[in-house]
Amino acid sequence: MERLDKRLANTGKWSRKEARELIRAGRVRVDGAPCRAPEQKVDEAAPVLVDGTPIAAGGPVYLMLNKPAGVVSSTDEPGECTVLDLLGEEYRNIGLFPAGRLDKDTEGLLLLTNDGPLAHRLLAPRSHVDKVYYVETDGELDEGDAWAVRAGITLADGYVCLPGELELLSGNCAQITLREGKYHQVKRMLAARGKPVVYLKRVRFGPLVLDEKLPKGGWRALTEGERQALFRQ
Ligand code: URA
């Protein structure tokens, strides 16, 4: 048994506050009868309808997070603020984890989900999901750097990166697109060019584009269109 507002919020479609408003507005039916009490305990198997549409029981959740610097991309790390600490309480115990990692000082788009098979597929090396970053470096970026990224940069440990794209924006700013996700990859690639990264933000992950309306540390459920695009990826 769980509270009706929590059951709605667990779908990822509504925040707990929105769920309470829907319920109080009489738009939610449980077991065929209208229910206006957010605190009402409902059985896991009880059919719940919002505006006549059934919600999936305990279905997977997909959230877009605008990760701020200073937060670690893990679910449990003593002494650190984790991405789960940024979420509402109702999202902390439903098995969410980040699909991929951003460094502690990297900002931007992180997908949080409890859909293991989808995350596994998106992160598999052979999936080559595009990841796009906005980057600022200590040192001016130039056509030589763009050419090197296209050709495949060799890292200090000898690993040869897959070809990527570097679009010069201005001076020391660029947008870089990678199709793999090695540890500290952007930083190590640009360090190999003698241009250390001083700021990094992920702006796209596969079909997902960072919602610029999300403040740092803000998050929202993926839209139906975004979810469908991820499944097609
Ligand atoms: N590359 C990096 O160096 N750091 C990140 O957080 C992501 C990509």
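Residues numbered from 1 in each chain as written. Predicted model: local features only at pLDDT ≥ 70, side-chain atom pairs only at ≥ 80, totals over all residues. Heavy atoms only, no water.

Quick look at the sheet that holds strand E6 (residues 53-54)
So, step 1. The strand order E3-E2-E5-E6 describes an open sheet built from four strands, whose pairing is antiparallel. Of all strands in the sheet, those with a lone pairing partner are strand E3 (33-34) and E6, marking the two edges.
So, step 2. Direction of pairing for strand E2 (residues 28-30) relative to strand E5 (residues 48-50): antiparallel, over a ladder of three bridges. Across the sheet, residue Arg-29 finds its bridge partner in E5, namely Leu-49. (Pairing = 2+ DSSP bridges. Helix = DSSP H or I, 4+ residues; strand = E, 2+ residues; numbered from the N terminus.)

A few points about the side chain of Ser-73
So, step 1. Along the chain, Ser-73 falls in the loop between strand E7 (62-67) and strand E8 (97-98).
So, step 2. One polar contact links the side chain of Ser-73 to the main-chain carbonyl oxygen of Leu-102, over a distance of 2.8 Å.
So, step 3. Non-local contacts of Ser-73, meaning those with residues more than four positions away in its chain, are made with Lys-67, Val-83, Pro-98, Arg-101, Leu-102 and Leu-110. (Polar contact = N/O pair within 3.5 Å; in protein donor to acceptor, adjacent residues only side chain to side chain. Contact = heavy atoms within 4.5 Å.)

Description of the pattern of salt bridges
So, step 1. According to the stated counting rule, one finds 21 salt bridges in the structure shown.
So, step 2. When the shortest N-O distance is used, the salt bridge between Lys-104 and Glu-80 registers 2.9 Å. Of this pair, Lys-104 sits in the loop between E8 and strand E9 (107-113) while Glu-80 sits in the loop between E7 and E8, and the two are 24 residues apart along the sequence.
So, step 3. Within the structure, one salt-bridge network assembled from shared partners comprises Arg-3, Asp-5, Arg-16 and Arg-20. (Salt bridge = Lys/Arg side-chain N within 4 Å of Asp/Glu carboxyl O.)

Remarks on the pairing of strand E12 (residues 173-178)
So, step 1. Across the six residues that make up E12, a large majority, five, are buried.
So, step 2. Pairing of strand E10 (residues 131-137) with E12 involves six bridges; the strand directions are antiparallel. Residue pairing across strands places Lys-131 opposite Leu-178, the latter belonging to E12.
So, step 3. One ladder, built from five bridges, connects strand E11 (residues 165-170) with E12; its direction is antiparallel. If you follow Ser-170 over to E12, its bridge partner there is Cys-173. (Buried < 20%, exposed > 50% of the residue type's maximum accessible area, 1.4 Å probe, protein only.)

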